[in-house]
Amino acid sequence: MIIRGRNCCRPKGPAGYVLRPGRAPICCRLPMTIEKTWPADKVERWPIADIRPYARNTKRHPPEQVGQIAAVISELGWTTPILVDESGEIIAGHGRYEAAKLLDLDEVPVIVARGWTDDQARAYRIADNKLAENAEWDEDLLKLEIGDLAAADFDTGLLGFSSDEIDAMLAPVDPKAEQRASHGRLSERFGVPPFSVLSARDGRWQERKRSWLGLGIQSELGRGALAKDHGASAGEQGEGGRSYRSKVAPGGSLMPARDPKTGKIVRSDSRGRPVKGTGKKGKGRANAEA
């Protein structure tokens, strides 16, 4: 195969900066035309006896996983050849090699990395595994794909997921369960269960209430009742010497004003006193404007 590089070695790079000696991109440091043969260009069949695993292989293949690989090969055939060097030492495909022995195969498909250095083979052994781990699942699409396979009665045990994982992905969505999970995430995020700090039955709220009681304050009566019992401060006296706070409801809002003659609810001022003239038609607005 012939790879032709781009003519990118100019006085200035694509972004307009000057390329320094020895700092050019990899493509700029390659010759214009490269004769290159890739290992995947040719697939060969080798006797399994001519292949040997790498003694320092960093990826372990437990028997359960080897069995899964063997099951896929039995169902779908061999799809990815084993990558070996010229001496037959495995660079990538140790799991497939173990599965082939489990299936008692005499020959296996291989591709040969000819001309590779020991360092290149060592680096590829690590990269081949790690780069695959760097990918991420699209959980929504994965559920759709597995759901379609399950609906078609395909053996989902070949997918490499455990039965519990498959059941979890195929289980119907429970909105209440999602809400409970959301609360759990909030608890982890803020360090306390949601709304626990607002509980008036424990913690600092009860301590505050005990402090109020120690001062003679009865919080259950409300601000209006307390003002009525204890009187008003200077400058807050209303009609008849009564505090306007006595007109406050237990919740703190003003009591509705009533006409002392008719007993009907009428407009009131900011202190809860009836506005004069509001009981007569047409005069209430005039008095308010005056």
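The shown structure was predicted, so the numbers you read here are calculated from the model rather than taken from an experiment. (Residues numbered from 1 in each chain as written. Predicted model: local features only at pLDDT ≥ 70, side-chain atom pairs only at ≥ 80, totals over all residues. Heavy atoms only, no water.)

1. Quick notes on the overall build of the protein chain
Check the secondary structure of the protein chain and you find 10 helices and six strands. Across the 290 residues of the protein chain, 20% fall into the buried class. Intrachain contacts of the protein chain at a sequence separation of at least 6 include 57% that bridge at least 24 residues. Approximately 22,000 Å² of the protein chain is accessible, and the part contributed by carbon and sulfur atoms is 53%. (Helix = DSSP H or I, 4+ residues; strand = E, 2+ residues; numbered from the N terminus. Buried < 20%, exposed > 50% of the residue type's maximum accessible area, 1.4 Å probe, protein only. Contact = heavy atoms within 4.5 Å. Areas by Shrake-Rupley, 256 points an atom, 1.4 Å probe, with all protein chains shown as cover.)

2. A closer look at the sheet that holds strand E6 (residues 107-112)
On the basis of which strands lie adjacent, the open sheet formed by four strands has the order E3-E6-E4-E5 and mixed pairing. Each having just a single partner strand, strand E3 (44-47) and strand E5 (90-92) make up the two edges of the open sheet. Each strand axis lies, on average, 55° off the axis of its neighbour in the sheet, ignoring direction. Against the sheet, helix H3 (residues 94-102) makes contact with strand E4 (82-84), E5 and E6, and its axis sits at roughly 120° relative to E5, the strand it touches most. (Pairing = 2+ DSSP bridges. Axes fitted to C-alpha atoms, helices over the stretch in contact; angles between N-to-C directions.)

3. Focus: the pattern of salt bridges
Applying the stated rule across the entire model yields six salt bridges. Residues Lys101 and Glu98 are paired through a salt bridge, measuring 3.6 Å at the closest nitrogen-oxygen approach. In this pair, Lys101 and Glu98 both sit in helix H3, three residues apart, roughly one turn of the helix. Close ionic contact of Asp119 with Arg122 constitutes a salt bridge, the shortest N to O distance being 2.9 Å. One end of the pair is Asp119 and the other is Arg122, both in helix H4 (residues 118-133) and three residues apart, which spans about a single turn. A cluster of three or more residues bridged by salt bridges with shared partners is formed by Lys59, Lys130 and Glu133. (Salt bridge = Lys/Arg side-chain N within 4 Å of Asp/Glu carboxyl O.)

4. Topic: the confidence of the model for the protein chain
Should pLDDT be low for a region, the predicted coordinates there are not to be read in detail. Averaged over the protein chain, the pLDDT score is 74; the fraction of residues at 70 or greater is 58%. Long-range and interchain partners of residues 1-21, a stretch whose pLDDT sits below 50, account for 30 contacts in this model, where long-range means more than four residues apart. Throughout residues 241-245 the model reports pLDDT below 50, and contacts reaching past four residues in sequence, or to other chains, amount to 13 contacts. (pLDDT = per-residue confidence, 0-100.)

5. Focus on helix H5 (residues 139-151)
With 13 residues, H5 should reach 18 Å at 1.5 Å per residue; the first-to-last C-alpha distance of 18 Å fits that figure. Where H5 terminates, the next one or two residues include Asp153, which has phi positive at roughly 60°. (Expected span 1.5 Å × (residues − 1).)

6. Considerations on the pairing of E6
Buried residues dominate E6, accounting for five of its six residues. Here four bridges tie E3 to E6, and the two strands are oriented antiparallel to one another. Considered in E6, the bridge of Arg45 is made with Pro109. The pairing of E4 with E6 spans three bridges and is classified as parallel. By the bridge assignment for E6, Leu83 is matched with Ile111.

7. Description of the packing of aromatic side chains
Counted according to the given criterion, the structure contains two aromatic pairs. Measuring from centroid to centroid gives 5.6 Å for Trp116 and Tyr124, while their planes differ by 65°, and the two rings are edge-to-face. Taking the relative accessible area as the measure of exposure, Trp116 reaches 28% and is therefore partly exposed. Centre to centre, the rings of Trp137 and Phe161 are 5.6 Å apart; their planes meet at 50°, and the pair counts as tilted. Taken together, the positions of Trp137 in the loop between H4 and H5 and Phe161 in the loop between H5 and helix H6 (163-170) put the pair 24 residues apart, joining distant regions of the chain. (Phe/Tyr/Trp six-rings, centres within 6.5 Å; stacked < 30°, edge-to-face > 60°.)

8. A word on the nonpolar core
Core analysis: the biggest nonpolar cluster contains 11 residues, these being Trp46, Ile48, Ile51, Ile82, Val84, Ile90, Tyr97, Ala100, Val108, Val110 and Val112. Of all the secondary-structure elements, those providing two or more residues to this core are E4, H3 and E6. With three residues, the single largest contributor to this core is E6. Look past the residues within four positions of Tyr97 in its chain and what remains in contact with it is Ile48, Ile51, Pro53, Ile82 and Ile90. (Core = buried A, V, L, I, M, F, W, Y, C linked by side-chain atoms within 4.5 Å.)

9. Here we look at the side chain of Thr156
Here Thr156 shows up in the loop between H5 and H6. Setting aside residues no more than four positions away along its own chain, Thr156 makes contact with Leu149, Ala150 and Ile166.

10. Some remarks on the packing of H5 against H6
Taken N-terminus to C-terminus, the directions of H5 and H6 make an angle of 105°; their axes are 9 Å apart at the nearest point. Judged by the inter-axis angle, H5 sits roughly perpendicular to H6. Judged by residue contacts, Leu142, Lys143, Ile146, Gly147 and Ala150 of H5 engage Ile166, Met169 and Leu170 from H6. Residue classes in the contact of H5 with H6 are distributed as six nonpolar, one polar and one charged. (Parallel < 35°, antiparallel > 145°, perpendicular 65-115°, else oblique. Nonpolar A, V, L, I, M, F, W, Y, C, P; charged D, E, K, R; others polar.)

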